[in-house]
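A closer look at the structure
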Amino acid sequence: MKMYKKKLPVGIESFEDIVKEDFYYVDKTGFIAEFLYNWGAVNLFTRPRRFGKSLNISMLENFFSIQGDKSIFDGLEISNERALCENYMGKYPVVTVSLKGIDARTFQTAFQMAVRVIMEVAARYYFLLQSERLNDYDKAQYNCLLDENMNEAVFCGSLKMLSALLEKHYNTKVIVLMDEYDVPLAKAFSNGYYEQMISLIRNLLGSVLKTNSSLKFAVLTGCLRISKESIFTGLNHLKVLTVSDGRFDKYFGFTDKEVKDLLDYYDAAGHYDVVKRWYDGYQFGNVGIYCPWDVINYCDRVKSEPCPEPENYWINTGSNEAVRRFIQESTNAATKREIERLIAGEAITKEIHQELTYPEIYQTIDHMWSLLYTTGYLTRRGEINGRRMKLAIPNMEIRDVFVTQVMEYFKENVRADGVTLNRFCDALKSGDAQNAEKIFTAYLRKSISIRDTAIRKDMKENFYHGILVGILGVKERWGISSNREMGEGYADILVEPDTGDMGIIIEVKYAQDGNLDLACEKALRQIAFTRYEEDLADDGVEHILKYAIAVYKKQCKVALAETS
C-alpha cells in the first residue's frame, strides 16, 4: 500500500492554505519569535524573488491578526514561545497590502491598478460601516477607500486613514504589512514613468509609516532597498535587513538541513547532490541557502519521475533584464574577462552599494554589480572592508541564466558583424580551413566565452556549438541542422549551401587540456567512424567537406578532412 505524502506547495503563498490544506511546510515560524525580540517601528526585508517573502508576510498576518485562526500554529516552532503567543497572537488589526501585481505601460493604468489594490484591502473591513465606535464622518472616510475614482490625495493617505479607523474600532494600534513594495517602481522605470510612481509610493509610505500615530509596527518586503533619499525620506526609524545581514538569515529560503529533511520525507535523498549543485549556493548573512522555489518544483517532479533532469525553474518566474542589460553593457575587455571568470565558477571582488535608485542602477557597470547581488544573480563568498565583497554565481541554475544571456547577446552581435561572418562561411564553403580558423579566432577574442572550471565539458561544447550555428545563420538561404542523425551517429552540425550539390559536416570538440590538435584528430576520427557522409551521398550530394573545429577558451583550430 502506497504511503500518503503531503502535497508540495508549488506556487502557494497563503500560510493558512498550506497548513489547513495539508501541504508540506518548512517551519519558518521561528521568524516570528526572533522578530518580536528584535523588531523596529518600520522593518524592511530585502531578498531576491521566490525566496519566501510573500509566504512570510502571510504567516505574520495570520499570527498577529485579530481575525486569524490561532489553531494553525499548533505544533509549529512558535507555539513553544508561550509568553509571546499569549501577548501577541491574534491581538492586532493587520492591514496587508501586496504591490506585486502593479505592472502597466502607463502611469494612469498603474495608478488605477494601485487604487484597485487599496479598494480590495479596505473591503476586507466592511464591518467598519456598522461599527458603533465610528461616527458618520469616519464612515464617510471609509467609503472614500471603496471608490474606484479616488484621487491621488485620497490614495496616498488611504493606509493611514484605514489604520486610524481600525484603531478606533478595536482600541488598539495597527500592524501594516506590505509585500513587494518596489515592484511598481521597477515596472515604472522600465516603462518611462518612474518619477510619477516614486512620488506616489513615497507619499503613500510617508503617510502610513512616518506620521501614523495608529501604527504599532510595519514590515515591508522587496528585492531592492531603494535609496532612503528617494523614497524613505524622513523615515529615521527604518530598520533594513538585507541579504548581507546576519539577523533573520535562515528565514528566507531553505537551509541545507531543511532540504535534506524534505528530500528524505519524499524518499528522494538520492537526489541531494543534484539539488545542491543546481539550487544551493546563496549566502544570506552567515547561512548557506537554497532557492525554495526550485527545490519544491524539482522535488515535485521527483514524485512522478524517477530521475528528472534538473531544470531552471527560477528563470521563468520573472524578467532576467538585469543580466541581459549587464552583458550588453560589458563592452570593455576587463568586464568580459570578469564575466568569464564568474561563469567558470570563480569569485571576483567588487564594491557593493545597496542603496541605489532605479535610474542609478543602470548608470554604470559598477552599480550593476550591486543590482546583480541584491537580486540573487550573484552571491557573497566573503566580505572585505564592509562594502567590498567577493561575489560568485551561486549555482548551476544561475550559471545557465548567464550562459543563455551571453548567447542571446552573441546572436544580436551576429547581425551587426554580418560582413565578417559571411567571410567565415565562405571560407568553410571553399575548403579554406586556415582562413576560417583565423576569422573564428578573432571573433572569439572579442566575445564573452566559456572558460574551463566548474562547467561540464558537454556544456562548453554546446556553447561553442551554439555560436557556430548562430554564425552560419547569417547565410539565410543555407540549410543548417544540429545533431542530425546521419550514418551511425549524430552530426554536430550539417550545413547545406544553397548550391544544392554540397554538404558540410562539422564536429565541434572542446579541448579540455588545451591540446587543439589532438581534439581535432578525435573529431575527424569520429566523423570517419560514424560515416556521417553516407546520408548525403545517398541523396546525390557530390561535394562533401568534413571539418573538425576544436576550441579552448578563446583559441580555436579548424581542420579539414582529406577527401577520399
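Note: the structure precedes this text.
The structure reproduced in this document is the subject of the present report.

Quick notes on the rules
Numbering of residues starts from 1 in each chain and follows the order in which that chain's sequence is written. In keeping with the model being predicted, local features are shown solely for residues with a pLDDT of at least 70 and side-chain atom pairs are shown and tallied solely at 80 or more, while totals for entire chains, interfaces and linings include all residues. Note: side-chain values were computed over all heavy atoms of the structure, leaving out hydrogens and water. Buried means the residue's accessible area, taken with a 1.4 Å probe over protein chains only, is under 20% of the maximum for its type, while exposed means over 50%, and partly exposed covers the values in between. Starting at the N terminus, helices and strands are each numbered in turn, a helix being any DSSP run of H or I of at least four residues and a strand any DSSP run of E of at least two. Strand pairing is assigned whenever DSSP detects at least two bridges linking the two strands. Contact criterion: two residues are considered in contact whenever any of their non-hydrogen atoms come within 4.5 Å of each other. Polar contacts, as used here, are pairs of N or O atoms within 3.5 Å; protein pairs need one atom able to donate a hydrogen and one able to accept it. Residues neighboring in sequence count only if both atoms are side-chain atoms. The aromatic pairing rule takes the rings of Phe, Tyr and Trp, using the six-membered ring of Trp, and pairs them if the centres are within 6.5 Å, calling planes under 30 degrees apart stacked, those over 60 edge-to-face and the rest tilted. Any Lys NZ or Arg CZ found within 6 Å of a ring centre and within 35 degrees of that ring's normal is scored as a charge over the ring. Between N-to-C directions, angles cover 0 to 180 degrees, with each direction set by a line fitted to C-alpha atoms, over the stretch in contact for helices. Every angle not falling under 35 degrees, over 145, or within 65 to 115 is termed oblique; those three ranges are roughly parallel, roughly antiparallel and roughly perpendicular. A crossing counts as left-handed when the near helix is turned anticlockwise from the far one by less than a right angle, and as right-handed when that turn is clockwise. Following the grouping adopted for this structure description, the nonpolar residues are Ala, Val, Leu, Ile, Met, Phe, Trp, Tyr, Cys and Pro, the charged ones are Asp, Glu, Lys and Arg, and the polar ones are all others, Gly among them.

1. Focus: the pairing of strand S16 (residues 543-552)
- Taking burial as the measure, the 10 residues of S16 include 9 buried ones, the bulk of the element.
- Across 9 bridges, strand S15 (residues 502-510) lies against S16 in parallel orientation. Pairing of Tyr510 across the sheet is with Val551, part of S16.
- Pairing analysis gives 6 bridges linking S16 to strand S17 (residues 555-560), with the strands arranged antiparallel. Bridge pairing links Ile549 to Val558 in S17.
- The antiparallel hairpin formed by S16 and S17 contains 2 residues in its connecting segment, where Lys553 sits at a positive phi of about 55 degrees.

2. Things to note about the environment of Thr375
- With respect to the secondary-structure elements, Thr375 resides in the loop between helix H17 (365-374) and strand S11 (379-384).
- A residue is classified by how much of its surface remains accessible, and Thr375, at 13% relative accessible area, is buried.
- Sequence-distant contacts of Thr375, defined by excluding residues within four places in its chain, comprise Pro48, Leu224 and Trp314.
- Of the polar contacts made by the side chain of Thr375, one reaches the backbone oxygen of Leu371; its length is 2.6 Å.

3. A short note on the packing of aromatic side chains
- Per the counting criterion, the structure on display carries 42 aromatic pairs.
- Between the aromatic rings of Tyr265 and Tyr266, the centroid separation amounts to 4.7 Å while the plane-to-plane angle is 85 degrees, which identifies the pairing as edge-to-face.
- When its relative accessible area of 8% is taken as the criterion, Tyr266 is described as buried.
- Its end group placed over the ring of Phe23, Lys7 keeps NZ or CZ at 4.7 Å from the ring centre.

4. Remarks on unusual backbone geometry
- The backbone of Asp22 sits at a positive phi, close to 65 degrees, despite the residue not being glycine.
- With respect to the element layout, Asp22 can be found in the loop between helix H1 (15-20) and helix H2 (30-38).
- Positive phi, normally seen in glycine, also occurs at Lys553, with a value near 55 degrees.
- Note on placement: Lys553 falls in the loop between S16 and S17.
- Since its relative accessible area comes to 27%, Lys553 is described here as partly exposed.

5. Topic: the packing of helix H19 (residues 418-430) against helix H20 (residues 433-445)
- Packing of H19 against H20 brings their axes to within 8 Å, and their N-to-C directions diverge by 150 degrees. As far as their axial angle goes, H20 and H19 are roughly antiparallel. Relative to H20, H19 is oriented so that their crossing is left-handed. Together, Thr420, Leu421, Arg423, Phe424, Ala427 and Leu428 of H19 and Asn435, Ala436, Ile439, Phe440 and Tyr443 of H20 make up the contact between the two elements.
- For the contact of H19 with H20, the residue count by class is 8 nonpolar, 2 polar and 1 charged.

6. Some remarks on the sheet that holds strand S6 (residues 238-241)
- Taking strand neighbours across the sheet as the criterion, the 5 strands line up as S2-S3-S4-S1-S6 in an open arrangement whose pairing is parallel. Taken across any chain shown, the strands that pair with only one partner, and hence form the sheet edges, are strand S2 (94-98) and S6. Across the sheet, the mean angle from the axis of one strand to that of its neighbour is 15 degrees, orientation sign disregarded.
- In the sheet, strand S3 (residues 174-179) pairs with strand S4 (residues 215-222) via 5 bridges, with the strands oriented parallel. In the strand pairing of S4, Val174 is matched with Leu215.
- Relative to S4, helix H10 (residues 194-210) is tilted by about 145 degrees, and along the sheet it contacts strand S1 (42-46), S3 and S4.

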